[in-house]
Amino acid sequence: MDSLLKHMVDMTGYRDHTMLDISVISAVQELACAAQTRMLALTTVRGQVFVRSRASIVAGSAARLEEQADPSWPGDPLSDYPALAACIARHEASCDTVCSQGRHLLWLPIWIGDQVTTCLEITNPTPYTGATIQVIGGIVSVYRNFQNLLDYSERDSLTGLLNRKTFDDQLAKILQSRGDVETDAARPADQERRHPGDTERQWLAVVDVDHFKLVNDKFGHLYGDEVLILIANLLQSSFRAQDRIFRFGGEEFVVLLRSITLENAQKIIDRFRMNVESHDFPQVGRVTVSVGFVSISAFEAPVIILGRADQALYYAKSHGRNLACHYDELVANGLLNTIASNDTAEFF
């Protein structure tokens, strides 16, 4: 009982989804004496559901986050897990099956309303008793409730997207992780260095709805809100599961995305822009967006990174709108000129 209470205190002490995942699989691993415990993420891409491991722990080892070599990989199709797929289709709380190695797999989908985006997977040589499953189910219930509380504090109430505060936190984490990678890359060749940063870059894009004030003035705020909700839906369907989308305020949105090349980042952003352009908004009709984006470097302050994306956005809006402009290209082509810069602000 003392161990259970300790784990409950640990779980409810975090204000971060990542650490909450680590805490819950650590609790289940110890209390259930499992061979392996994983937290699975379920994502829907073009109507198909995929499953990938988000965090895992093996008996005798510490819990760890699962890093994917290819960030664009959505995971394995849910159809590869027929027992789990059937469990979710029947809206069941759990299911137990035997894998090819003879081990028992216990799956507990984390239901938020009628949706499942997370599932706990427990591997053990023998099946669990009803009492053990009841304890695990209690841990899952605490996890689900606390995950709901975190979501409520992190999300915009109108669109359901992540909010401005969450953006500040996640950009700080990205800059910290990029700093580790870029510092390693700058070491002399005879020193150990890590390689993930050699192939992957982070990008920040600022999105603004064109002429949004006219929408509110002509059709009213109710239709204006509907436009924002539909734009949020198009953002989620146009970008990938690993990209992070935020409502920054008003009619402005921010996206943090990963891409190996500028060309690929431009392609992903333009796909979203064109999806908005071709969408028929009820009553309002045609709506367009302008986008400014920039690559993220750990050696720049957040205000400078965001300011550069804003300047690229301003250029797009002042040169016809319905454009996606890259800051570095604009500077390289002499279309934007930096006239002064310091550690906290940049002026044009």
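No experiment lies behind these values; they were computed from the predicted model shown.

Peer 1: Looking at this model, I keep getting lost on the packing of helix α2 (residues 17–32) against helix α4 (residues 130–154). Mind explaining?
Peer 2: Any two packed helices are characterised by how steeply their axes cross, that is the angle between the axes, and by the distance between the axes. The interhelical angle for the contact between α2 and α4, taken along N-to-C directions, is 175°, at an axis separation of 11 Å. It follows from the interaxial angle that α2 and α4 lie roughly antiparallel. Side by side, α2 and α4 meet where H17, L20, D21, V24, V28, L31 and A32 of the first sit next to T132, I136, I139, Y143, F146, Q147, L150, D151 and E154 of the second. Classifying every residue of the contact of α2 with α4 gives 10 nonpolar, three polar and three charged.

Peer 1: Got a minute to help me understand the nonpolar core in this structure?
Peer 2: Taken as a class, soluble globular proteins show a tendency for nonpolar side chains to be buried jointly. Core analysis: the largest hydrophobic core is formed by 32 residues, its most contacted members being I231, L235, F239, F272 and F281. Broken down by secondary-structure element, the contributors of at least two residues to this core are β8 (201–209), α6 (212–219), α7 (221–238), β10 (252–259), α8 (262–278) and β11 (289–295). By residue number, the principal contributor to this core is α7, which donates seven residues. Excluding residues that lie within four positions of it along the chain, F281 makes contacts with V227, L230, I231, L234, V276 and V287. The next biggest cluster of nonpolar side chains, apart from the first, holds 24 residues, and it includes V206, V254, L306 and L313.

Peer 1: Even after reading the chapter, I still don't get the pattern of salt bridges, so can you show me in this structure?
Peer 2: It is possible for side chains bearing opposite charge to pair when their charged atoms get close. All chains considered together, the criterion is met by 13 salt bridges. A salt bridge links R247 to D156; its shortest N-O distance comes to 3.3 Å. You can see R247 sitting in strand β9 (residues 244–249) and its partner D156 sitting in the loop between α4 and α5 (164–185), a full 91 residues away along the chain. Its relative accessible area of 15% is what places D156 among the buried residues. Among the salt bridges present, the one from E277 reaches R286, with a minimum N-O distance of 3.1 Å. Overlapping salt bridges bring together D208, D210 and K317 as one network.

Peer 1: What is the right way to read the side chain of D243 from this model?
Peer 2: Relative to the elements of secondary structure, D243 occurs in the loop between α7 and β9. Exposure remark for D243: the relative accessible area of 5% places this residue in the buried category. Separated by 3.4 Å, the side chain of D243 and the backbone nitrogen of R258 make a polar contact. Residue contacts for D243: discarding those within four places in its chain leaves L256, L257 and R258.

Peer 1: Is there a simple way to think about the packing of α7 against α8 in this case?
Peer 2: The N-to-C vectors of α7 and α8 enclose an angle of 140°; their axes lie 9 Å apart at closest approach. Here α7 is positioned oblique relative to α8, judged by the angle of their axes. Both α7 and α8 take part in a crossing whose hand is right-handed. In this structure, α7 contributes I231, L234, L235 and S238 to the contact, and α8 contributes R271, F272, N275 and V276. By residue class, the composition of the contact of α7 with α8 is five nonpolar, two polar and one charged.

Definitions and limits used
Residues numbered from 1 in each chain as written. Predicted model: local features only at pLDDT ≥ 70, side-chain atom pairs only at ≥ 80, totals over all residues. Heavy atoms only, no water. Axes fitted to C-alpha atoms, helices over the stretch in contact; angles between N-to-C directions. Helix = DSSP H or I, 4+ residues; strand = E, 2+ residues; numbered from the N terminus. Parallel < 35°, antiparallel > 145°, perpendicular 65-115°, else oblique. Contact = heavy atoms within 4.5 Å. Nonpolar A, V, L, I, M, F, W, Y, C, P; charged D, E, K, R; others polar. Core = buried A, V, L, I, M, F, W, Y, C linked by side-chain atoms within 4.5 Å. Buried < 20%, exposed > 50% of the residue type's maximum accessible area, 1.4 Å probe, protein only. Salt bridge = Lys/Arg side-chain N within 4 Å of Asp/Glu carboxyl O. Polar contact = N/O pair within 3.5 Å; in protein donor to acceptor, adjacent residues only side chain to side chain. Left-handed = near helix turned anticlockwise from the far one by under 90°.

By themselves, these are just geometric observations and shouldn't be taken as functional.
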